[in-house]
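Notes for the structure review
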Amino acid sequence: MRICIDSNQFIFGLSGSDAASETLLKLLPRLEVVIPRLILKEVTRNLNQAQVKSLYALLRQAPHVAIVEEPVPAELVQKYVALGLREKADAIIGAFAEWQGAKYIISDNRHFLDELKGSAFEVVNSEEFLHHYYWATIREDQ
Amino acid sequence: MSEEITWKVPENLYRELVWAQKELEYPNLADFILQAVQRRLAEIKYEAWQRNFRQLQQQIHASGGFGLGKTKEEVITNLRKVRQQIFDEEYAHLY
């Protein structure tokens, strides 16, 4: 199950201010994750060089985490503007998730939930993801 | 490529290994040990990753955090501004 993790989850998880976001990040080596460069730029903007290096090293060491450099196709971005994400910066993230075949965007950004209708993926927060999808899948596998 | 090793083990450990191999229905002892070692290596890698993650958390905390606000709402609002800023600077010309 491929997921996309929004910048707010990285901030909450790395700062330890939200237990579910922190758990989500600690599971990164066991998750299949796609992250657009835009999200990492948001996360690293206020970090120093050594911290940025450490974060990229952690992401590289997680075997199924991919940082995607290529720009999201413009027509998909337009599609997500039409689906309700009026800010193109948000539409890029929605379009990215569909483009990369992500099943979930994990985010606390209410704009995704409130504005987006008819997307190819589901937007859930980290607690919902862990409770309903991740732990449930683990239980099914056992 | 593979390396051949000779491994001497205490007799009681050997007996336990053979018992476990049969119990778990592995075709032979070598396969069973190979998988056990691979699993342990994966655990060690995972533990090392967790340690590095905690170290990064401590470094960020020590340097004053992300500076994006105290509450969740403040952080999300400020992150939206950051997203828009990066979009205007680096992506707007593409879309």
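On to helix H1 (residues 7-15) of chain A. Residues and elements named next belong to chain A. Here H1 lies mainly inside the structure; 8 of its 9 residues are buried. Every buried residue of H1 is accounted for by Ser7, Asn8, Gln9, Phe10, Ile11, Phe12, Gly13 and Leu14. Positive backbone phi, at 70°, marks glycine 16, one or two positions downstream of H1.

Here we take up helix H3 (residues 37-44) of chain A. Those residues of H3 of chain A that fall on the buried side of the exposure criterion are Leu38, Ile39, Glu42 and Val43 of chain A. Buried residues of H3 of chain A fall within an arc of 140° about the axis and therefore sit on the same side. Those residues of H3 of chain A that are buried are in contact with H1, strand S2 (32-36) and helix H6 (88-99) of chain A together with helix H3 (72-91) of chain B.

This paragraph deals with the packing of H3 of chain A against H3 of chain B. In a pair of packed helices, the angle between the axes and the distance between the axes together describe the arrangement. Contact geometry for H3 of chain A and H3 of chain B: axes closest at 10 Å, N-to-C directions at 125°. Of the possible angle classes, the one that applies to H3 of chain A and H3 of chain B is oblique. The two elements H3 of chain A and H3 of chain B meet at a crossing, and its hand is right-handed. Where H3 of chain A approaches H3 of chain B, its residues Leu38, Lys41 and Glu42 of chain A are matched on the opposing element by Leu79, Val82, Arg83, Ile86 and Tyr91 of chain B.

Glancing now at the sheet that holds strand S1 (residues 2-5) of chain A. All names here are of chain A. As summarised here, the arrangement of the 5 strands in space is S3-S2-S1-S4-S5, forming an open sheet in which the pairing is parallel. The strands lining the two open edges of the sheet, one partner per strand, are strand S3 (65-68) and strand S5 (122-124). The average angle at which neighbouring strand axes cross in this sheet is 30°, direction not considered. As judged from the 4 bridges shared by S2 and S3, these two strands associate in the parallel manner. By the bridge assignment for S3, valine 33 is matched with valine 65. Docked against the sheet, H3 engages S2 and S3, running at close to 75° with respect to S2.

Before going further, it helps to spend a moment on the interface of chain B and chain A. Of the residues lining the interface, 26 residues belong to chain B; the matching set on chain A comes to 30 residues. For the side of chain B that touches chain A, the secondary-structure elements that each account for two or more residues are helix H2 (29-62) and H3 of chain B. The greatest single-element share of the side of chain B that touches chain A, amounting to 10 residues, is contributed by H3 of chain B. Here the side of chain B that touches chain A is composed, by residue class, of 16 nonpolar, 8 polar and 2 charged.

The biggest cluster of nonpolar side chains holds 47 residues, and the ones touching the most others in it are Cys4, Ile5, Ile11, Ile92 and Ile105 of chain A. Excluding anything up to four places from it in sequence, isoleucine 5 of chain A contacts Phe10, Leu24, Val33, Ile35 and Ile106 of chain A.

A residue-level look at chain B finds 100% of positions with pLDDT of 70 or above and a mean pLDDT of 95. For this predicted complex, the interface score ipTM comes out at 0.89, alongside a pTM of 0.89.

Cut-offs used in this document
Residues numbered from 1 in each chain as written. Chains lettered and ligands numbered in written order. Predicted model: local features only at pLDDT ≥ 70, side-chain atom pairs only at ≥ 80, totals over all residues. Buried ≥ 20, exposed ≤ 12 C-beta atoms within 10 Å, placed from the backbone. Helix = DSSP H or I, 4+ residues; strand = E, 2+ residues; numbered from the N terminus. Arc of directions from axis to C-beta. Contact = placed C-beta atoms within 7 Å. Axes fitted to C-alpha atoms, helices over the stretch in contact; angles between N-to-C directions. Parallel < 35°, antiparallel > 145°, perpendicular 65-115°, else oblique. Left-handed = near helix turned anticlockwise from the far one by under 90°. Pairing = 2+ DSSP bridges. Nonpolar A, V, L, I, M, F, W, Y, C, P; charged D, E, K, R; others polar. Core = buried A, V, L, I, M, F, W, Y, C linked by C-beta atoms within 7 Å. pLDDT = per-residue confidence, 0-100.

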